[in-house]
Amino acid sequence: GAGGASLSPSGFVVAETDGLAFVDTALRVVTRVPIAGLSDSAPLVLADGSAVVSAGAQLVRVDAQAVQRFAVSVASRTHSPVARTPAGRLVAATTTELLILDQDGRVERREPLGDQPVAGPAVALDGSIWMITRRGLVAFDADGAPRAQLPSPTGGPLTHGSLAIATDGSVRAAVLGF
């Protein structure tokens, strides 16, 4: 583990090797929450200060009082940080699927990715969800329904990539493949 820090309403939430540390603005640890199998991604902090992380084959939401709000079983550890849509849905990508959840952990949709993710999910202002898989760029509507696929420009599998969505809605993708 140990995947960085995220801002929270009362300070920061820091992903440590063995769990999360809720830290105030004076950089004092308020609470440590042990979480086994924590992923290497920074936590997603929600408006109430709780954090959503991938831990092993689960998505977990905990708060600064060490209360677990939910734990949802998933196909595998998530590929990258959990994202949030403008409508407040949580979006996570495992090695095989895209998941859309509400903030209480109820799974609203599971959509197969077709191949392993390389980058994303990235969420646009319209709520659309974008991913790069080994096969190319994949887009989903805000509800998780498949929207479009653009094959790899190299003709072979993509191995590394990054995604950015500009404020005008344009999607920027950088990829490397063999």
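Criteria and thresholds
Residues numbered from 1 in each chain as written. Predicted model: local features only at pLDDT ≥ 70, side-chain atom pairs only at ≥ 80, totals over all residues. Heavy atoms only, no water. Helix = DSSP H or I, 4+ residues; strand = E, 2+ residues; numbered from the N terminus. Rg over C-alpha atoms; globule rule 2.2 N^0.38 Å. Buried < 20%, exposed > 50% of the residue type's maximum accessible area, 1.4 Å probe, protein only. Contact = heavy atoms within 4.5 Å. Areas by Shrake-Rupley, 256 points an atom, 1.4 Å probe, with all protein chains shown as cover. Lys, Arg positive; Asp, Glu negative; His and termini not counted. Charge placed at Lys NZ, Arg CZ, Asp CG, Glu CD. Polar contact = N/O pair within 3.5 Å; in protein donor to acceptor, adjacent residues only side chain to side chain. Salt bridge = Lys/Arg side-chain N within 4 Å of Asp/Glu carboxyl O. Pairing = 2+ DSSP bridges. Axes fitted to C-alpha atoms, helices over the stretch in contact; angles between N-to-C directions.

> If you had to explain the overall build of the protein to someone new, which residues and values would you point to?
Along its length, the protein carries zero helices and 18 strands. Taking 2.2 N^0.38 as the reference for a compact globule, 178 residues should give roughly 16 Å; the C-alpha atoms of the protein span a radius of gyration of 16 Å, in line with that estimate. Across its three principal directions, the C-alpha atoms of the protein cover 50 × 30 × 30 Å. Per-residue burial over the protein gives 47% buried out of 178 residues. Taking as baseline every contact in the protein between residues at least 6 positions apart, the subset at least 24 positions apart corresponds to 33%. Accessible area of the protein: about 8500 Å², with a carbon and sulfur share of 53%. Computed over 14 positive and 16 negative side-chain charges, the separation of the two mean positions in the protein equals 1 Å.

> Kindly report on the side chain of Asp102, identifying the contributing residues and their values.
Along the chain, Asp102 turns up in the loop between strand 11 (97–101) and strand 12 (107–112). Looking at Asp102, its side chain comes within polar contact range of the main-chain nitrogen of Asp104, at 2.9 Å. Among the polar contacts made by the side chain of Asp102, one reaches the main-chain amide nitrogen of Arg106 at a distance of 2.9 Å. Setting aside residues no more than four positions away along its own chain, Asp102 makes contact with Leu90 and Glu108.

> I'd like a rundown of the pattern of salt bridges, residues and numbers included.
As enumerated under the stated definition, the model contains 13 salt bridges in all. Of the charged contacts in the structure, one is a salt bridge between Asp104 and Arg106, with a shortest N-O distance of 3.2 Å. Grouping residues by exposure puts Asp104 and Arg106 together as exposed. The network of salt bridges with common partners includes Asp48, Arg61, Asp63 and Arg69.

> Could you give an account of the sheet that holds strand 1 (residues 4–8), naming the residues involved and the relevant values?
A sheet is described by the order of its strands in space; here four strands give the open sequence 1-2-3-4, paired in antiparallel fashion. If you trace the sheet from one side to the other, it starts and ends with strand 1 and strand 4 (29–34), each paired once. The sheet shows a mean angle of 20° between the axes of neighbouring strands, direction not considered.

Just geometry here; none of it tells us what the structure is for.
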